[in-house]
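Listed here are the chains, written in short residue letters.
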Amino acid sequence: IAMNAVDVKAEFIAQGISNVVWAFATVGKPHPKLFEAIGDQVVAFEHLGEFRPQALSNIVWAYATANVPHPKLFEKVANHIV
């Protein structure tokens, strides 16, 4: 599932991105390649306006819970909410 998600990540909408990383973190099965690819995708967004606050919260929670670092993702989200 994770590898398929990596392959089609560009097709995910904001809520889908949030749901995928949340689900993997919730079941305790982080997939580093998937988290890296999705984090890179979020960072590549010109702005994060299409993400609802809950979706951004779930993304940050998922990375923290899964103990997967992605400094550029956290910086992007932090700059968006400030």
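These figures come from a predicted structure and were not determined experimentally.

### A short note on the nonpolar core
For soluble globular proteins, the rule of thumb is that nonpolar side chains tend to be buried together. Formed by 22 residues in total, the largest nonpolar core has its most connected members in Phe35, Ile38, Phe51 and Tyr63. Elements with a contribution of two residues or more to this core: helix H2 (14–26), helix H3 (32–44), helix H4 (53–66) and helix H5 (71–81). Look past the residues within four positions of Tyr63 in its chain and what remains in contact with it is Val21, Phe35, Ile38, Gly39, Val68, His70, Leu73 and Phe74.

### A few points about the packing of aromatic side chains
Under the counting rule described, the total for this entry stands at three aromatic pairs. On the numbers, 4.9 Å between centres and 65 degrees between planes, the contact of Phe35 with Tyr63 is edge-to-face. In this pair, Phe35 sits in helix H3 while Tyr63 sits in helix H4, placing the two residues 28 residues apart along the sequence. Judged by relative accessible area, Phe35 falls into the buried class, the value being 0%. Ring geometry for Phe45 versus Phe51: centroids 5.2 Å apart, planes at 75 degrees, classification edge-to-face. Here Phe51 falls in the buried class, since its relative accessible area comes to 5%. Among the aromatic residues, those joined into a cluster by ring pairs are Phe35, Tyr63 and Phe74.

### Section: H3
In a regular helix each residue adds 1.5 Å, so 13 residues correspond to 18 Å; H3 covers 18 Å between its end C-alpha atoms and thus fits that length. Among all positions of H3, only Leu34, Phe35, Ala37, Ile38, Gly39, Gln41 and Val42 are buried.

### Things to note about the packing of H3 against H4
One way to put it is that H3 packs onto H4 with a least axis distance of 12 Å and a crossing angle of 150 degrees. With respect to each other, H3 and H4 are oriented roughly antiparallel. Pair H3 / H4 crosses with left-handed handedness. Residue-level contacts link Phe35, Ile38 and Gly39 of H3 to Ala62, Tyr63 and Ala66 of H4. Within the contact of H3 with H4, the residues separate by chemical class into five nonpolar, one polar and no charged.

Analysis parameters
- Residues numbered from 1 in each chain as written.
- Predicted model: local features only at pLDDT ≥ 70, side-chain atom pairs only at ≥ 80, totals over all residues.
- Heavy atoms only, no water.
- Core = buried A, V, L, I, M, F, W, Y, C linked by side-chain atoms within 4.5 Å.
- Buried < 20%, exposed > 50% of the residue type's maximum accessible area, 1.4 Å probe, protein only.
- Helix = DSSP H or I, 4+ residues; strand = E, 2+ residues; numbered from the N terminus.
- Contact = heavy atoms within 4.5 Å.
- Phe/Tyr/Trp six-rings, centres within 6.5 Å; stacked < 30°, edge-to-face > 60°.
- Expected span 1.5 Å × (residues − 1).
- Axes fitted to C-alpha atoms, helices over the stretch in contact; angles between N-to-C directions.
- Parallel < 35°, antiparallel > 145°, perpendicular 65-115°, else oblique.
- Left-handed = near helix turned anticlockwise from the far one by under 90°.
- Nonpolar A, V, L, I, M, F, W, Y, C, P; charged D, E, K, R; others polar.

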